[in-house]
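Results of the structural survey
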Amino acid sequence: MSQKQVVFKKISKDKSVGVYMGRRDFVDRVDSVDPVDGVLLVDPEQLKGKKAYVTLSCVFRYGRDDTDVLGISFKREIYMTTRQIYPPLQDKEQGILTKIQDKLLRKLGDNAYPFFFEFPDNLPCSVGIQPSPKQASKYCAVEFEVKAFCAESQNAKVRKRSTVCLTIRKVQYAPESPGPAPCVQTTRDFLMSDKPLHMEANLQKQSYYHGEPINVTVKIRNDSNKNVRNIIVSVEQIANVVLYSNDSYNETVAIEDSGDSVDAGAKLDKVYTLLPLMANNRKKHGIALDGKLKHEDTNLASTSIIKEGVLKEVLGIMVSYRIVVKLIVGGIMGSSEVGVELPFQLMHPKPDAVRESELEDEVVFEEFKRTYLKGTAEEEDEGNVSPAEN
C-alpha cells in the first residue's frame, strides 16, 4: 500500500509568507548532512513590494529571550545564513529541485518558490538540558530554526506578524558499522587477604537504540576473604556544555540495585537488564534531551559522534553514556567499593527508507508543530500555525 506524502506547513499571521517542508528532522551522517529543503509561498498583495527571505540558524541558548542571566540574555548564534527567495534571484526553471519541492510547486502554483540550505559539517546536533520545574527559565539548548519573513531589505526591522519560525532538529543515527562490544575487567587486592577479588563486565554490542533493553553480563570470582554485600548496575548520561564553559551534568538514567551478594570464595555469573527511558526520568533535572520535555517525541539525547578534525568547542553540548558496575564490599573497617565503567552509544536506529515510488502523488498538509503531552499548554512561540488542509 502506498504511503501519502506528508508536508508540514506554517503561515504568518498576516498571510504574507508561508513555509512548506516535507520533514522536521534532518540526519547528520557524520560525513554528510541532509540538506534543508522546502517551499516558500508568498502573497504579493500582502507583501506590498517587500522582499521575502528565509533564514537557517543554529543557536546556543541559555534561558529564555525575556530572561537575563547576570544581567545579560545569553544567546549565541553558532551559524546563520539568509537567502532572498522572492523576488527570486534566478529563474525557478533553472534550479535543481528535490522531488518534494517539485510536487509542492505544481500544487501551490505560481507564487511558490523553492529554498535550499546545506549544513556546514561542523555544527552540533539538537540537544537540550532539562531544567528543574523551579528553574524553567534556565533551559540550556542547541536549537535549529528555519525563519521566513518579509521586509524592505534583509537587515530592515521585521514585523512579527510577517514572520514565521519553525524549529527543526538535526539528529544522528546509530552507525551501520559499530565498534567492538565493550568489555572490562578489574582485580582488587585487600589488606589481610591473600587472594584478590576479580570482576569482569561486558555488553553484547557497542550501540543500543532508544527503548532497547541493555543486558550487562557481570562475572565475579571472589577469591578474597571479603564478602560482596551488594551489586549496583546503572546507566549514566554525561552531558558536557563545551561552548561557553566546562559545565558537566552526570545523571543516572537507569539503575538496578540488585541486593545480590557474593561470599568469600564464591563466584557469580549473572546478566542484569537496564532500560534507560525518558519516561522514567521526566522529573529529573540535568538530563540531556533531543528536544523539549513537553513534546511526546522527545527522548534522551543521543550519543554525540564527532567528525574527525572538528573542534569540540563549537559543538555546544556533548553527550555520552556509560554502564557503571559497582560492588559494595564489606570489611572490618567499613565498606569499600569496586567499580568498572563500560562506555556505549545510545542512538536512534536508522529508519527504513521509503522509496519515492511508494509515495502517493497526493500531498497531505499538517500543522508544523510537534505533538504535545496531554495536559500541557501550547507555547506562544508555536503560534501562527495555519489550520491543516484536507
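First, a word on what this report is: a plain description of the structure on this page. Just so it is clear, the model here is predicted, and its values are computed rather than measured. Sequence order sets the numbering: in each chain, residues are counted from 1 along the sequence as written. Under the rules for a predicted model, residues below a pLDDT of 70 receive no local features and side-chain atom pairs below 80 are neither given nor counted, while totals for whole chains, interfaces and linings still include all residues. Computation of side-chain values: all heavy atoms of the structure, hydrogens and water removed.

It is worth spelling out the overall build of the protein at this point. Helix and strand definitions follow DSSP, with helices as H or I runs of at least four residues and strands as E runs of at least two, each counted in order from the N terminus. Broken down by element type, the protein carries 2 helices and 21 strands. Burial statistics for the protein: of 390 residues in total, 44% are counted as buried. Contacts: residue pairs with any heavy atoms within 4.5 Å of one another. Long-range contacts, defined as pairs at least 24 residues apart, comprise 69% of the intrachain contacts of the protein with a sequence gap of at least 6. Exposure was quantified through the Shrake-Rupley algorithm and a 1.4 Å probe, taking into account, for residues, occlusion by the shown protein chains and nothing else. Accessible surface for the protein amounts to roughly 20500 Å². Of this, 46% is attributable to carbon and sulfur atoms. Three labels apply to residues, based on accessible area from a 1.4 Å probe with only protein chains included: buried if under 20% of the type maximum, exposed if over 50%, partly exposed otherwise in between.

A few words now on helix 2 (residues 99–108). Taken together, the buried positions of helix 2 are occupied by Ile100, Gln101, Lys103, Leu104 and Leu105. Looking one or two places after helix 2, you find glycine 109, whose phi comes out positive at around 100°.

Attention now moves to the pattern of salt bridges. A carboxyl oxygen of Asp or Glu within 4 Å of a side-chain nitrogen of Lys or Arg is what we treat as a salt bridge. Under the defined criterion, the tally for this structure stands at 13 salt bridges. Linking arginine 23 and aspartate 37 is a salt bridge whose minimum nitrogen-to-oxygen distance equals 4.0 Å. In this pair, arginine 23 is assigned in the loop between strand 2 (17–21) and strand 3 (25–28) and aspartate 37 in strand 4 (residues 36–42), connecting sequence segments 14 residues apart. Taking relative accessible area as the criterion, arginine 23 reaches 30% and is therefore assigned partly exposed. In this structure, glutamate 341 and arginine 322 form a salt bridge, with 3.5 Å as the shortest nitrogen-oxygen distance. With glutamate 341 in strand 20 (residues 336–347) and arginine 322 in strand 19 (residues 317–329), this pair connects stretches of sequence that are 19 residues apart. A relative accessible area of 22% means that arginine 322 is categorised as partly exposed. Several salt bridges share partner residues, and in doing so they unite Arg23, Asp34 and Asp37 into one network.

On to the packing of aromatic side chains. Here the aromatic set is Phe, Tyr and Trp, taking the six-membered ring for Trp, and pairing holds for ring centres within 6.5 Å; pairs whose planes are under 30 degrees apart are stacked, those over 60 apart are edge-to-face, and all others are tilted. For the structure shown, the criterion picks out 7 aromatic pairs. Geometrically, the ring pair formed by tyrosine 86 and tyrosine 113 is tilted, given 5.4 Å between the ring centres and 55° between the ring planes. Taken together, the positions of tyrosine 86 in strand 6 (residues 74–86) and tyrosine 113 in strand 7 (residues 112–117) put the pair 27 residues apart, joining distant regions of the chain. Across this residue pair, the class does not change: tyrosine 86 and tyrosine 113 are buried. The rule is short: NZ of Lys or CZ of Arg within 6 Å of the ring centre and within 35 degrees of the ring normal puts a charge over the ring. Sitting over the face of the ring of tyrosine 208, lysine 205 holds its NZ or CZ atom 5.2 Å from the ring centroid. Above the face of the tyrosine 209 ring, lysine 205 is positioned so that its terminal group lies 5.6 Å from the ring centre.

With that settled, the discussion passes to the sheet that holds strand 17 (residues 267–274). For two strands to count as paired, DSSP must find a minimum of two bridges between them. Spatial strand order, 11-12-14-17: 4 strands in an open sheet with antiparallel pairing. Among the strands making up the open sheet, the edge pair consists of strand 11 (183–188) and strand 17. Strand-to-strand twist across the sheet, computed as the mean angle between neighbouring axes with direction ignored, equals 15°. In this sheet, strand 17 lies alongside strand 14 (residues 214–222) in antiparallel orientation, the contact comprising 8 bridges. Looking at strand 17, one finds that lysine 219 is bridged to aspartate 269. All axes here are fitted lines through C-alpha atoms, helices being fitted over the stretch that makes contact, and every angle between N-to-C directions spans 0 to 180 degrees.

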